[in-house]
Amino acid sequence: MRYIVLLCLLLSCALVHASDTGQSRAETAGRSLIGQPAPRMVVKTIDGQTIDLGALYGKKAVYLKFWATWCVPCREQMPHFERTFEQAGPDMAVIAIDVGFDDSVDEVRKYRQAVGLGMPIVFDDGTLGEAFHLRVTPQHVVIGRDGRILYVGHEANDKLEAALAQARTSSSANVAIAAAPKDEPHYDVGDRVPAFQVHTLDGKSVPAFGATPGQPTALLFLSPWCESYLVKSRPALAESCRAARERAEVLARQSGVRWLGVASGLWANRDELAAYQREHHIAMPLALDDSGALFRRFRVMHVPTVIVLDGKGKVVRRTEEVNEAALPL
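What counts and what doesn't
Sequence order as written defines residue numbering, which begins from 1 separately in each chain. Two thresholds apply to this predicted model, a pLDDT of at least 70 for residue-level local features and 80 or more for giving and counting side-chain atom pairs, whereas whole-chain, interface and lining totals are computed over all residues. For the side-chain quantities, the full set of heavy atoms in the structure was used; hydrogens and water were omitted. UniProt positions are given in the numbering used here, feature names are shortened, and annotations may be inferred rather than shown by experiment. A run of H or I in DSSP counts as a helix once it spans at least four residues, and a run of E counts as a strand once it spans at least two, with each numbered from the N terminus. Atoms counted for the radius of gyration: C-alpha only. Globule rule: 2.2 Å times residue count to the power 0.38. Contacts are assigned to residue pairs with any non-hydrogen atoms lying within 4.5 Å of each other. Note on areas: Shrake-Rupley with a 1.4 Å probe; residue coverage comes only from the protein chains shown. By the counting scheme adopted, Arg and Lys are positive, Glu and Asp are negative, and His together with the chain ends is not counted. A charged residue contributes its charge at one atom only: NZ of Lys, CZ of Arg, CG of Asp or CD of Glu. By disulfide we mean two sulfur atoms from cysteines, separated by a distance within 2.5 Å. For every residue, the accessible area obtained with a 1.4 Å probe (protein chains only) is divided by the maximum for its type, and the residue is called buried under 20%, exposed over 50%, and partly exposed between those limits. Working definition: rings of Phe, Tyr and Trp (its six-membered ring) pair if their centres are within 6.5 Å, and the pair is stacked with planes under 30 degrees apart, edge-to-face with planes over 60 apart, and tilted otherwise. Counted as over-ring charges are cases with an Arg CZ or a Lys NZ within 6 Å of the ring centre that also lie within 35 degrees of the ring normal. At least two DSSP bridges between two strands are needed for those strands to be called paired. In this analysis an axis means a line fitted to C-alpha atoms, helices contributing only their contacting stretch, and an angle means the value between N-to-C directions, from 0 to 180 degrees.

In the annotation of an unreviewed UniProt entry, the protein chain is listed under the name Histidinol-phosphatase and assigned to Dyella jiangningensis. Heading Subcellular location (unreviewed entry) of the UniProt record for the protein chain holds this comment: "Cell envelope".

## As for the overall build of the protein chain
Helix and strand counts for the protein chain come out as 11 helices and 14 strands. A compact globule built from 329 residues would reach a C-alpha radius of gyration of about 20 Å, and the protein chain, at 21 Å, matches this within 12%. The C-alpha extent of the protein chain, read off along each of the three principal axes, is 65 × 60 × 40 Å. The contacts of the protein chain with a sequence gap of at least 6 include a subset with a gap of at least 24, amounting to 73%. When the accessible area of the protein chain is evaluated, it comes to approximately 16000 Å², of which 55% is carbon and sulfur surface. Distance between charge centroids for the protein chain: 3 Å, based on 37 positive and 38 negative side chains.

## Re the state of the cysteines
What the rule picks out here adds up to two disulfides. Across the disulfide from Cys-71 sits Cys-74; the S-S distance is 2.4 Å. Between Cys-71 and Cys-74, the S-S dihedral sits near 80°, and the bridge is therefore right-handed. Both residues of the pair, Cys-71 and Cys-74, belong to the buried class. Taken in sequence order, the bonded cysteines of the protein chain link in the pattern 1-2, 3-4.

## Examining the packing of aromatic side chains
By the definition in use, this model includes 11 aromatic pairs. Aromatic side chains Phe-66 and Phe-132 sit 6.2 Å apart centroid to centroid with 50° between the ring planes, which places their arrangement in the tilted category. With a gap of 66 residues between them, Phe-66 in strand 3 (residues 61–67) and Phe-132 in the loop between helix 6 (127–131) and strand 6 (139–143) connect regions that are remote in the sequence. A relative accessible area of 0% means that Phe-132 is categorised as buried. Residues Trp-225 and Tyr-229 carry aromatic rings whose centres are separated by 6.1 Å and whose planes lie at 85° to one another, so their mutual orientation is edge-to-face. Look at Trp-225 and you get buried, because its relative accessible area is 10%. For Tyr-229, a relative accessible area of 33% corresponds to the partly exposed category. Every member of this aromatic cluster is reached through a ring pair, and the members are Trp-70, Phe-101, Tyr-187, Phe-221, Trp-225, Tyr-229, Phe-295 and Phe-298. Here Arg-297 stacks its cationic end above the ring of Phe-196, 4.5 Å away from the centre of that ring.

## Things to note about the sheet that holds strand 10 (residues 217–222)
Read across the open sheet, the five strands follow the order 12-11-10-13-14; overall the sheet is mixed. Each end of this open sheet is capped by a strand with a single partner; those strands are strand 12 (286–289) and strand 14 (315–319). The mean inter-strand angle of the sheet, taken between neighbouring strand axes irrespective of direction, is 20°. On the sheet, helix 10 (residues 270–279) packs against strand 10, strand 11 (258–264) and strand 12 and is oriented at approximately 150° with respect to strand 12.

## Observations regarding the sheet that holds strand 7 (residues 149–153)
Pairing in this open sheet of five strands is mixed, and the strands run 5-4-3-6-7 from one edge to the other. The open sheet has two edge strands with one neighbour each: strand 5 (121–123) and strand 7. Averaged over all neighbouring strand pairs, the angle between strand axes comes to 20°, with direction disregarded. Strands strand 6 and strand 7 of the sheet are contacted by helix 2 (residues 22–30), whose axis makes an angle of about 145° with strand 7. Contacting strand 3, strand 4 (92–98) and strand 5, helix 5 (residues 105–115) runs over the sheet at an angle of about 160° to strand 5.

What follows is the structure, encoded as structure tokens:
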């Protein structure tokens, strides 16, 4: 009987893990968007072209694909995406959105030239990713001619094809109107940050700064998959992430500066961050920024990045190098 129970538990765990795919993550993140008016935003392509998304609603269906040059499934799906663009016709706008996370416009240009991409490409600063609840790459967003979001997904499958077909035929008689997203405050070196709490993996809610009067806090922005997933496509970056983690642990013990790790919610959940913490025996508290709010607040688009706050919340350092020079004098 014990073996049957154990087998059932193992099968249950396997099914839970199997269901946590890119498709399920994208659909879960986008569930609250379905049927809602799409944000009315103006974007600029890497070639300087301005695209007013709001002006397209009511006239065309819109297909946005979030991707990155380091993303394997993004590359695998590119032939489908390019084919969709070439066959779109006048009733659909097809736009590529590079997520901007650990990527660069130069890398995007090189990739475009290498594979011959023809669609307009936007390099995101996190604004579009926030508006469309980006959680994975690639992430597809399909908007109907009525300006409402029809579909959010990850795979290039029958669901996506059905959404693209439906988007073309949706009525444009009554266009849904949504306000443009409000600008969030952003903080750079010299700015004073309002007090806020960080929710760590151990269930605690801790102050981002000022926990001990006068003690600086170093926020280490990271991704738990950087050291492993990027080891082939971006080996230098993978090594940088590994070295940053190891050096931060040493500095956390020796420097007198309080350290907090803040992990991106792109392709990461709490269980995966906890597994990363266990695997590398990380002592510093870790928090998952699942909505990306902290990354946006400090305009972090690259890991590792260190933001140092003094005891009163003033940003005194920002660096991508984790060493003694990153800390306040």
